[in-house]
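Inside the fold
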Amino acid sequence: MTAASVADRVREHIVDMCAGPEGGHLGGSLSLVEILTTLYFGVLRLDPESPAAADRDILILSKGHGALALYAVLAERGFIPVSELATFGQPGSRLMGHPGRAVPGVEMPTGALGHGLALGNGFALAARDRRCFVVLGDGELQEGSVWEAAMAASSLGLDNLMAVVDRNGLQLGGETEATMALEPLADRWRAFGWAVREVDGHDPGELRAAFLATEPGQPVVVLAHTVKGSGLPFIQGRPESHFARLSERQHARALAVLRARQRRGSP
């Protein structure tokens, strides 16, 4: 099983869920695919048979609207049945628009943006012998609570904590830089006492190397440069991909594009 083949299946699952009656956060889930597949299939210490094991690593999806990507990866990793993905958004389903703890492998409910990094601080403080990863959206960095948590993490020397920023440059209202400028983003994190790694967020090799890197006495942030809607050229880089309810025709088109991409072996 290769990272690329897992990512391909995850993208198809995301598209399928967005074709359901509720629709879903399509663009920001697709930009997360390589980040989450690399973590779950090559970095995190965890066991789907024992998701609450005391020695497990922790992952918090602070950008909770990326839940479709998380559900698809958890299914491929064996935490939930793949067949359960078809229940997304339906009455009684565990798979809601934002992740909740009823889903095996989900540590905390998230989606009220700006709180995930503070939660990560708590997990990292509670057990220094395991690593904690917090995946944030770049628009989320406009929340002041993120920077309060960042300052606390460096002050506490949480070198078992890693923040991963899905830097796709877009948020619900448009470009992040037009909404509230984040650049120079790497320098901002360094000013708050973090070690910084910048990578191509769709390159599993670059991601894995960055995720495995640690800095003694210092938390690390990985700025993963991604494309919103990655994998579907007709929606890539478009703010309106943020949430989509795909029609039957759009669903078929998206799957055709993804399968053609797989045949070409495109990254």
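Because the structure is predicted, anything quoted here is derived from the model rather than measured.

1. Thoughts on the pairing of strand β7 (residues 220–225)
Counted residue by residue, β7 has five buried out of six residues, so it is predominantly covered. The pairing of strand β3 (residues 161–167) with β7 spans six bridges and is classified as parallel. Each residue of the ladder has a partner; that of D166, found in β7, is A224. Pairing of strand β6 (residues 195–200) with β7, which is carried by six bridges, proceeds in the parallel orientation. Directly across from D200, in β7, lies its bridge partner H225. Handedness of the crossover joining β6 and β7 through helix α9 (residues 204–212) is recorded here as right-handed.

2. With respect to the environment of R188
Examined against the element boundaries, R188 turns out to sit in helix α8 (residues 185–191). Under the relative-accessibility criterion, R188 is labelled partly exposed at 35%. In the structure, R188 is positioned 41 residues away from W147 in sequence and 9.5 Å away in space, judged by C-alpha atoms. Excluding residues that lie within four positions of it along the chain, R188 makes contacts with W147, A181, L182 and E183.

3. Topic: the pattern of salt bridges
Enumeration over the complete set of coordinates arrives at 13 salt bridges. Close ionic contact of R9 with E76 constitutes a salt bridge, the shortest N to O distance being 2.9 Å. Residue R9 is found in helix α1 (residues 3–18), and its partner E76 is found in helix α4 (residues 67–77); the two are separated by 67 residues along the sequence. Assessed through its relative accessible area of 31%, R9 is described here as partly exposed. For E76, a relative accessible area of 17% gives the class buried. Among the salt bridges present, the one from R167 reaches E183, with a minimum N-O distance of 3.0 Å. Of the two residues, R167 sits in strand β3 while E183 sits in the loop between α7 (176–179) and α8, which places them 16 residues apart along the sequence. One salt-bridge network, held together by shared partners, links D138, R167, E177 and E183.

Basis of the calculations
- Residues numbered from 1 in each chain as written.
- Predicted model: local features only at pLDDT ≥ 70, side-chain atom pairs only at ≥ 80, totals over all residues.
- Heavy atoms only, no water.
- Buried < 20%, exposed > 50% of the residue type's maximum accessible area, 1.4 Å probe, protein only.
- Helix = DSSP H or I, 4+ residues; strand = E, 2+ residues; numbered from the N terminus.
- Pairing = 2+ DSSP bridges.
- Right-handed = clockwise from strand over helix to strand, strands pointing away.
- Contact = heavy atoms within 4.5 Å.
- Salt bridge = Lys/Arg side-chain N within 4 Å of Asp/Glu carboxyl O.

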